Amino acid sequence: MTVASSESIRESFACGTGITTFLFTMPCYSASDIEVRKRLISTGAETTLAETTDYTIAATGGDYLNGGTVTILVELANTYEIHIVRKLVKTQELATASVTHIALAASLDKLTRIVQDLQERLDRAVHLKNTDDVTTLELPTDRNSKYAAFDSSGNIIASAGPVGDSEIPVSSFMEDALSAANAAAFIAALSLGTASLLASDTDGTLAANSDSSIATQKAVKTYVDTLSALCAKLAGNQTIAGVKTFSSFPVTPSSAPTTDYQVANKKYADDAVATGSTFTAYTTKDSNNDDMVASHAYKATINGFVYAEAGLTAAQTLYGYVGTTNDPYGAGVRVGYQLAATSSGGSIAFEVAIDEYFEIRTTGSSLVIRFKGRGTLGNPVDQD
């Protein structure tokens, strides 16, 4: 028969759940011509399986020239592959006393397949190019505990290492580094300083302030976190203690302060002065447009002054009270009074702030209460 030049001598198969049989088609002559290997895909590690112990094999149609079937006894995961390789036994089985054309053809077929096996291995081997002048790559006999290298002629040599061996395939710079006796000498050869420079420091305060230690990532983070807690942030709420002196005036928001203890900037002060620099006309009316009278509490809607006049005779009085509640007489402060011990009339004047309450009390007659505000006038609001 004719042997195809494209005959394969190895076939590979995927493994997995339920897969235990592998049909190969490459011709061979007996089970001993077949080698079965399992291969771990992730690492490429191979294990040669043993017939009977790990697998069984049967010829297709009773003739191995048709191929055969390998059945593994233990199912393999899909992380493995099965490789079936033909390795023909290299024997001459034709007896000259019984040569027939059929027997001769079979023997030649086997020789051809043996050549194919050998050629496949040669094709996968390291070899020289046809134009290379080197005629041999024989391994030196004195190669124990040495490195494989090539000399200046391209011949393979057994090198003891970089020290004193100009044939080692590294630069002269790396020869010095590789010849170092210890880690300190290696680091020095690489111009990295001394070995102590690589000593780690886990102190989160970096108190040593050393030029010969490297702070660990955790130590650096602890140090930075500690400093961060002490620094003023660009965003977020913080309480800052101590006296802080600014070399330049800080710039505040453009809006006006709205709650107690917020900082008032220059514009707010200028606007307040400009608004409050002009007094409104007097008013004697409250927010209900009624005349303001004695013994009534009123709430100021803007900053201003209260003027009160009354006809007083001897021993009659005129008092003014200011407070933060709507009972300035009972809970407030007396801010002005007039006692007409000998006169026939009296008047008082006092200042009130926006949202403060005031009240006039008198035992005299003909009382007139006037309110003069700063800025846009708002009549006081009667609380009684």
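Since the structure is predicted, the reported quantities are computational estimates derived from the model, not experimental observations. (Residues numbered from 1 in each chain as written. Predicted model: local features only at pLDDT ≥ 70, side-chain atom pairs only at ≥ 80, totals over all residues. Heavy atoms only, no water.)

(A) Focus on the overall build of the chain. A tally of helices and strands in the chain yields six helices and 19 strands. Looking at the chain residue by residue over its 384 residues, the buried ones come to 25%. Relative to all contacts within the chain whose residues are 6 or more apart in sequence, the contacts with residues 24 or more apart total 62%. (Helix = DSSP H or I, 4+ residues; strand = E, 2+ residues; numbered from the N terminus. Buried < 20%, exposed > 50% of the residue type's maximum accessible area, 1.4 Å probe, protein only. Contact = heavy atoms within 4.5 Å.)

(B) Representation of the sheet that holds strand 18 (residues 365-373). Here three strands make up an open sheet; going across it, the order is 16-13-18 and the pairing antiparallel. Among the strands making up the open sheet, the edge pair consists of strand 16 (346-352) and strand 18. Averaged over all pairs of adjacent strands, the angle between strand axes in this sheet comes to 15 degrees, irrespective of strand direction. (Pairing = 2+ DSSP bridges. Axes fitted to C-alpha atoms, helices over the stretch in contact; angles between N-to-C directions.)

(C) Just the pairing of strand 9 (residues 156-159), in detail. One ladder, built from four bridges, connects strand 8 (residues 147-150) with strand 9; its direction is antiparallel. Across the sheet, residue Ala148 finds its bridge partner in strand 9, namely Ala158. Connecting strand 8 to the next strand, strand 9, in antiparallel fashion are five residues, including Gly154 with a positive phi near 90 degrees.

(D) Expanded view of the nonpolar core. Counting residues in hydrophobic clusters, the biggest one holds 20 residues, and the most contacted among them are Phe24, Ile34, Ile57, Ile82 and Ile84. Elements that contribute at least two residues to this core include exactly strand 2 (21-24), strand 3 (34-40), strand 5 (55-59), strand 6 (68-72) and strand 7 (80-86). Look past the residues within four positions of Ile57 in its chain and what remains in contact with it is Phe24, Ala31, Ile34, Glu51, Tyr64, Thr69 and Val70. If you look at the next biggest cluster of nonpolar residues, it comprises 17 residues, including Tyr298, Ala308, Leu318 and Phe350. (Core = buried A, V, L, I, M, F, W, Y, C linked by side-chain atoms within 4.5 Å.)

(E) Structural detail: a nonpolar patch on the surface. A cluster of nonpolar side chains, namely Leu206, Val220, Tyr223, Val224, Leu227 and Leu230, defines an oily patch on the protein surface of about 500 Å² accessible area. Within the secondary structure layout, Leu227 lies in helix 4 (residues 217-230). Owing to a relative accessible area of 38%, Leu227 belongs among the partly exposed residues under this scheme. (Patch = residues over 30% accessible without salt bridge, like charges linked within 9 Å, V, L, I, M, F, W, Y side chains within 5 Å. Areas by Shrake-Rupley, 256 points an atom, 1.4 Å probe, with all protein chains shown as cover. Salt bridge = Lys/Arg side-chain N within 4 Å of Asp/Glu carboxyl O.)

(F) Geometry of the pattern of salt bridges. Throughout the structure, instances matching the rule amount to nine salt bridges. Taking the shortest distance from any N to any O, the salt bridge between Glu81 and Arg39 comes out at 3.7 Å. A residue pair is termed long-range when its members are at least 10 positions apart, and Glu81 in strand 7 and Arg39 in strand 3 qualify at 42 residues. Look at Glu81 and you get partly exposed, because its relative accessible area is 23%. Two residues, Lys299 and Asp355, come together in a salt bridge whose shortest N-O distance is 3.9 Å. With Lys299 in strand 12 (residues 297-299) and Asp355 in the loop between strand 16 and strand 17 (357-362), this pair connects stretches of sequence that are 56 residues apart. For Lys299, a relative accessible area of 26% translates into the label partly exposed. Residue classification places Asp355 among the partly exposed positions, given a relative accessible area of 45%.

(G) Representation of the sheet that holds strand 4 (residues 46-48). Across the sheet, four strands lie side by side as 1-7-3-4; this open sheet has antiparallel pairing. Two strands bound the open sheet, and with one partner strand each, they are strand 1 (10-14) and strand 4. Direction aside, the axes of adjacent strands within the sheet are offset by 25 degrees on average. Note that strand 3 and strand 4 share three bridges and pair antiparallel. By the bridge assignment for strand 4, Arg39 is matched with Glu46.

(H) Expanded view of the side chain of Thr317. Looking at the element boundaries, Thr317 is found in strand 14 (residues 316-323). Judged by relative accessible area, which is 13%, Thr317 ranks as buried. Look past the residues within four positions of Thr317 in its chain and what remains in contact with it is Leu312, Gln338, Leu339, Arg361, Thr362, Thr363 and Gly364.

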